[in-house]
Amino acid sequence: MHPIRKQRLKIVLFILAGFGLAVGLALFALQENINLFYSPTQIVKGEAPQNTLIRAGGMVVEGSVKRDPQSLKVSFQITDYAETVDVEFDGILPDLFREGQGIVAQGRISGSGDLKAVEVLAKHDENYMPPEVTDALEQAGYGKDHYSKE
Amino acid sequence: MLPELGHFTLILALCMAVPLAVIPLIGAARNNQLWMSYARPLVCGQFVFLVTSFACLAAAFLMDDFSVAYVAQNSNSAMPVQYKLSAVWGAHEGSLLLWALILSGWTFAVAVFSRNLPDELVARVLSVMGMISIGFLLFLLLTSNPFARLLPNSPLEGGELNPLLQDVGLIFHPPLLYMGYVGFSVAFAFAIAALLGGQLDAAWARWSRPWTNIAWAFLSAGIVLGSYWAYYELGWGGWWFWDPVENASFMPWLVGCALIHSLAVTDKRGVFKSWTVLLAIFAFSLSLLGTFLVRSGVLTSVHAFASDPARGLFILVFLFLVIGGSLTLYAVRAPEVVSKPVFGLWSREILLLLNNVILVVAAVTVLLGTLYPLIIDSLGGGRISVGPPYFNLVFVPLMCVLFVLLGFAPKSQWKRSSTNNLKRELFMAALASLGVGVLFPLIYGGELHLGAVLAATLSLWIAITGARDLITKGRKSGFGRLSRSYLGMQLAHFGLAVCIIGVAFTSIYSEQRDVRMSPGDSLELGGYRFQFDGVKQVEGQNFSAQEGQISIYQGDQKAYLLQPQKRVYLARRQSMTEAAIETGFTRDLYVALGEPLGDGAWAVRVHYKAFVIWIWMGGLLMGLGGFLAVTDRRYRIKAAQSEKIPVATDNGVAEVSSNLGAKA
């Protein structure tokens with residue numbers, strides 16, 4: 001083979017091998033590590049898988065936040081105004097977590113249909129709604145006017 | 001009055017950008033000196049108008065002019081003056097104005113520092129930058145005017161800058177980041193200009209090198225600062241979340257890093273030309289994509305701003321035009337570029353090619369993970385998110401390969417494969433790094449943690465091979481005579497080695513506890529005893545805070561007092577966690593307050609962060625390396641030498657044409 005061709009072939013093979021390896025890794029990793037989002041309605045209907053890490057979001061129900069006096073355990077409810085789901089969490093809630101606020105929680109559905117959260121996310125900006133929550137509310141028939149403050 | 005002046009000068013800047021995008025370009029195509037000579041005055045005009053416009057907005061903030069909607073939303077008369085100033089770029093409209101200002105600043109810098117370059121090239125480069133500027137100025141004026149007034153019902157008092165952003169880190173983070181993002185527009189403009197002119201030669205690469213280096217160095221500094229800010233301000237103790245917006249800044253950084261290396265090959269050896277051009281296009285496209293992701297609010301992110309779909313659409317169209325246009329141009333012109341690559345299997349060219357492949361693949365996997373939720377959502381597959389495990393799983397192996405190869409780099413040579421005695425030298429270095437790499441985790445951690453061994457070995461491998469080369473070269477030619485671009489490279493690579501240690505050891509050896517603490521309670525962590533002595537009420541200029549008093553004992557000795565705060569900002573009653581950190585060379589002690597739990601008890605978050613400061617020290621060293629390399633004399637001297645003859649004639653022509661211009 002012509003040396004220049006041979007050279008080019010080597011380079012192309014290098015690149016292909018690199019890309020192949022990375023795409024393989026990436027697809028494998030994606031399969032293992034995506035978290036689907038479910039609305040409270042879907043969870044109550046039983047559409048969410050149990051014991052798989054999922055994300056759930058909705059508005060925190062007013063008056064539903066209860067703390068354990070001895071530890072950091074806290075429980076509250078989230079709603080899309082159609083259905084409500086109980087959430088349990090052991091840890092420190094974010095600054096912008098409060099009743100009536102839209103949040104997203106990441107966790108697993110237990111046998112009793114509660115969400116055991118491992119992470120609770122509320123956003124930096126108090127006017128900001130997580131897009132998933134907005135969608136979930138709209139699907140449950142509640143548009144922007146119902147939750148926007150001021 | 002000032003806001004109107006700001007708005008007006010913004011429009012004037014657009015009036016400069018439009019002819020800038022057209023006239024010099026036509027001049028370059030027709031070889032018309034007069035038309036080309038319009039570029040520099042237009043660039044100056046644009047810069048002056050944008051500075052004025054930005055100054056007007058800043059003045060509106062400093063004078064608490066709450067009739068301006070943007071000021072009313074993001075400022076407040078009680079805010080400290082430095083935050084009033086940083087609030088100028090604290091939200092959407094102002095940060096875009098900063099983008100446009102920095103873009104015109106870079107354009108101005110190119111116009112000033114490129115007097116030795118051929119006129120046609122400069123005209124084209126400035127025109128391309130003018131086109132980008134048109135896009136952003138239109139975006140500002142059409143969708144996000146920072147000078148819009150709230151009249152006649154203007155509020156007496158403003159809202160407030162998001163308390164998270166009221167921090168020293170946020171004064172500098174966005175400008176640095178934007179300097180980097182926008183800086184890649186220079187490399188992009190050079191690439192497009194070279195494609196337009198059909199002159200893709202080594203000279204082109206040499207001219208873009210300093211610009212690319214400096215943009216990359218700014219971006220590094222910006223990312224480091226952002227990461228450090230997230231660490232101490234978000235109160236979670238994390239320093240990188242693989243958040244879409246972080247990824248948005250990280251992808252151009254990776255591709256920019258590849259571009260720096262590929263430019264070196266093109267400059268020194270005249271090969272990889274079309275690949276380098278493609279990288280320059282990618283680096284800037286990713287910067288634009290980053291802007292799109294942050295501004296459009298399509299992704300769930302801790303950084304996402306409350307946003308408006310019209311803005312997202314505008315940037316999407318702009319992105320499409322820039323990427324589509326430049327790739328089309330590339331497809332038409334690049335096949336004309338022919339290079340004859342001749343080099344051995346383990347030559348420096350191949351190593352740098354591998355560097356490029358790995359960095360680009362890494363950027364692509366990050367891109368895939370970032371956009372995957374968008375793709376699935378638009379295909380109707382539901383809302384998903386891709387978590388940090390994906391990124392770690394893909395990214396870490398790729399980087400390990402890169403680090404192994406990096407150790408071979410200093411000893412490699414252009415064209416040739418390395419010889420046998422070099423192999424022996426490298427073998428010794430590998431042995432030494434593996435030896436220390438195994439010993440260190442054993443002694444420090446008390447056990448043989450595989451990840452720690454890998455990280456320590458790779459880091460030492462990079463550091464040892466680099467240091468060896470530095471000493472050999474220094475002895476041969478004298479340390480004072482080593483070129484700055486070489487020293488810059490060494491510094492950046494050493495920074496990487498430091499960063500690896502920081503990243504790996506922080507994730508392996510850190511400890512964290514979230515606990516409920518009543519006054520008098522204490523807990524042991526990382527060999528320290530943390531005792532909670534209750535909270536004090538503290539008043540700040542625009543907030544009031546509960547300040548936790550946490551004494552840290554080392555043995556029986558009280559070593560430190562940390563005072564984390566839970567602040568409530570008065571204007572909107574927003575609460576904020578202010579962590580307290582005791583920083584050390586090999587560990588940070590980090591304490592943050594959660595919420596009050598009644599009876600004086602608080603939720604308290606306590607971290608022992610091993611080697612965490614090394615992450616940012618390493619990042620800063622990388623950035624400094626980039627800056628150091630730019631100061632190398634070869635960029636200036638060689639540019640002047642290679643263009644000596646054309647410069648002389650060009651100046652003559654330029655004088656004539658400017659005389660003509662004056663008469664006309």
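Residues numbered from 1 in each chain as written. Chains lettered and ligands numbered in written order. Predicted model: local features only at pLDDT ≥ 70, side-chain atom pairs only at ≥ 80, totals over all residues. Heavy atoms only, no water.

Participant: What should I look at first to understand the packing of aromatic side chains in this one?
Facilitator: What describes a pair of aromatic rings is the distance from one ring centre to the other and the angle between the planes of the rings. All names here are of chain B. Under the defined criterion, the tally for this structure stands at 39 aromatic pairs over all chains. Centre to centre, the rings of Tyr231 and Tyr590 are 5.1 Å apart; their planes meet at 55°, and the pair counts as tilted. Placement of Tyr231 in helix α9 (residues 202-233) and of Tyr590 in strand β10 (residues 587-598) is noted, with a sequence separation of 359 residues between them. Looking at Tyr231, the relative accessible area reads 0%, which means it is buried. Here Tyr590 falls in the buried class, since its relative accessible area comes to 0%. Among the aromatic residues, those joined into a cluster by ring pairs are Trp216, Trp240, Trp242, Phe250, Trp253, Tyr390, Phe391 and Phe395. The ring of Trp414 has Arg348 sitting right over it, with the charged end atom 5.3 Å from the ring centre. Its guanidinium or amino end placed over the ring of Tyr553, Arg529 lies 4.6 Å from that ring's centre, counting from NZ or CZ. (Phe/Tyr/Trp six-rings, centres within 6.5 Å; stacked < 30°, edge-to-face > 60°. Helix = DSSP H or I, 4+ residues; strand = E, 2+ residues; numbered from the N terminus. Buried < 20%, exposed > 50% of the residue type's maximum accessible area, 1.4 Å probe, protein only. Lys NZ or Arg CZ within 6 Å of the ring centre and 35° of its normal.)

Participant: Explanation requested: the side chain of Ser104 of chain B in the structure shown.
Facilitator: Its place among the elements puts Ser104 of chain B in helix α6 (residues 92-113). With near-sequence residues (within four places) excluded, Ser104 of chain B lies in contact with Gln46, Phe47 and Leu50 of chain B. (Contact = heavy atoms within 4.5 Å.)

Participant: Could you clarify how one ought to interpret the sheet that holds strand β11 (residues 601-610) of chain B in this entry?
Facilitator: Sheet strands associate in pairs through backbone hydrogen bonding, adopting either a parallel or an antiparallel arrangement. Residues and elements named next belong to chain B. Overall, antiparallel pairing links the four strands, which are arranged β2-β11-β10-β9 in an open sheet. At either margin of the open sheet sits one strand with a lone partner, and together these are β2 (511-517) and β9 (580-583). Neighbour-to-neighbour, the strand axes of the sheet open up by a mean angle of 15°, direction not taken into account. Here four bridges tie β9 to β10, and the two strands are oriented antiparallel to one another. The residue of β10 that forms the bridge with Thr583 is Asp588. Seen against the sheet, helix α17 (residues 484-509) touches β2 and β11 and runs at an angle of roughly 135° to β11. (Pairing = 2+ DSSP bridges. Axes fitted to C-alpha atoms, helices over the stretch in contact; angles between N-to-C directions.)

Participant: Looking at this structure, how should I read a nonpolar patch on the surface?
Facilitator: All names here are of chain B. On the surface, Leu2, Leu5, Phe8, Leu62, Met63, Val81 and Leu85 cluster together into a nonpolar patch covering about 630 Å² of accessible area. Top contributing element to the nonpolar patch by residue count: helix α1 (residues 2-30), with three residues. Mapped onto the fold, Leu85 is located in helix α5 (residues 81-86). Residue classification places Leu85 among the partly exposed residues on the basis of a relative accessible area of 37%. (Patch = residues over 30% accessible without salt bridge, like charges linked within 9 Å, V, L, I, M, F, W, Y side chains within 5 Å. Areas by Shrake-Rupley, 256 points an atom, 1.4 Å probe, with all protein chains shown as cover. Salt bridge = Lys/Arg side-chain N within 4 Å of Asp/Glu carboxyl O.)

Participant: When you look at the confidence of the model for chain B in this model, what are you seeing that I'm missing?
Facilitator: Detailed reading of the predicted coordinates is not advisable wherever pLDDT falls low. Residues and elements named next belong to chain B. Per-residue confidence for chain B gives a mean pLDDT of 87; residues scoring 70 or more make up 91%. Across residues 301-306, confidence stays below pLDDT 50; counting only partners more than four residues off in sequence or on other chains, it has 22 contacts. Note on residues 638-664: pLDDT under 50 across the span, and 17 contacts to partners over four residues away in sequence or across chains. Listed scores for the predicted complex are pTM 0.89 and ipTM 0.78. (pLDDT = per-residue confidence, 0-100.)

Participant: What is the right way to look at the state of the cysteines in this model?
Facilitator: Joining two cysteines, a disulfide is a covalent bond between their sulfur atoms. Residue and element names in this part refer to chain B. Counted by the stated rule, this structure contains zero disulfides over all chains. Distance from the sulfur of Cys44, which forms no disulfide, to the nearest cysteine sulfur (Cys15) is 17 Å. Taking the relative accessible area as the measure of exposure, Cys44 reaches 32% and is therefore partly exposed. Left without a disulfide partner, Cys499 is nearest to the cysteine sulfur of Cys257, which lies 12 Å away. Relative accessible area serves as the criterion here: at 14%, Cys499 is assigned to the buried category. (Disulfide = S-S within 2.5 Å.)

Participant: Quick question: what am I supposed to make of the pattern of salt bridges here?
Facilitator: It is possible for side chains of opposite charge to pair when their charged atoms get near one another. All names here are of chain B. Counted according to the given criterion, the structure contains 15 salt bridges over all chains. A salt bridge links Asp267 to Arg206; the nearest nitrogen and oxygen atoms lie 3.2 Å apart. On the criterion of sequence distance, the pair formed by Asp267 in helix α10 (residues 244-269) and Arg206 in helix α9 is long-range, its members being 61 residues apart. Its relative accessible area of 5% is what places Asp267 among the buried residues. In this structure Arg206 comes out as buried when scored by relative accessible area, which is 15%.

Participant: Mind showing me how you'd approach the nonpolar core here?
Facilitator: Most often, soluble globular proteins have nonpolar side chains that are buried together. Residues Trp99, Leu137, Phe190, Trp204, Leu254 and Phe530 of chain B are the most contacted members of the largest nonpolar core, which totals 203 residues. For this core, the element with the most residues is helix α8 (residues 168-197) of chain B, which contributes 17 residues. Formed by 22 residues, the second largest nonpolar core is a distinct cluster that contains Ala48, Phe76, Ala117 and Ala122 of chain A. (Core = buried A, V, L, I, M, F, W, Y, C linked by side-chain atoms within 4.5 Å.)

Participant: Explain the environment of Phe318 of chain B to me, please; I cannot follow it from the model alone.
Facilitator: Residue and element names in this part refer to chain B. Here Phe318 lies in helix α12 (residues 309-333). Assessed through its relative accessible area of 12%, Phe318 is described here as buried. Sequence separation between Phe318 and Leu288 is 30 residues; the distance between their C-alpha atoms is 8.8 Å. Ignoring anything within four residues of it in the chain, the contact list for Phe318 reads Ile132, Gly135, Phe136 and Leu288.

Participant: Quick question: what am I supposed to make of α10 of chain B here?
Facilitator: Spacing of three or four residues puts side chains on the same side of an α-helix, whose turn is 3.6 residues. Residues and elements named next belong to chain B. If you check α10, its first and last C-alpha atoms are 37 Å apart, about what 26 residues at 1.5 Å a residue would give, namely 38 Å. Most of α10 is tucked away: 24 of the 26 residues are buried. The residue sitting at the N-terminus of α10 and contributing the capping side-chain oxygen is Asp243; that oxygen lies 2.9 Å from the backbone nitrogen of Val245. A positive backbone phi angle near 70° is found at Gly270, which sits one or two residues after α10. (Expected span 1.5 Å × (residues − 1). Polar contact = N/O pair within 3.5 Å; in protein donor to acceptor, adjacent residues only side chain to side chain.)

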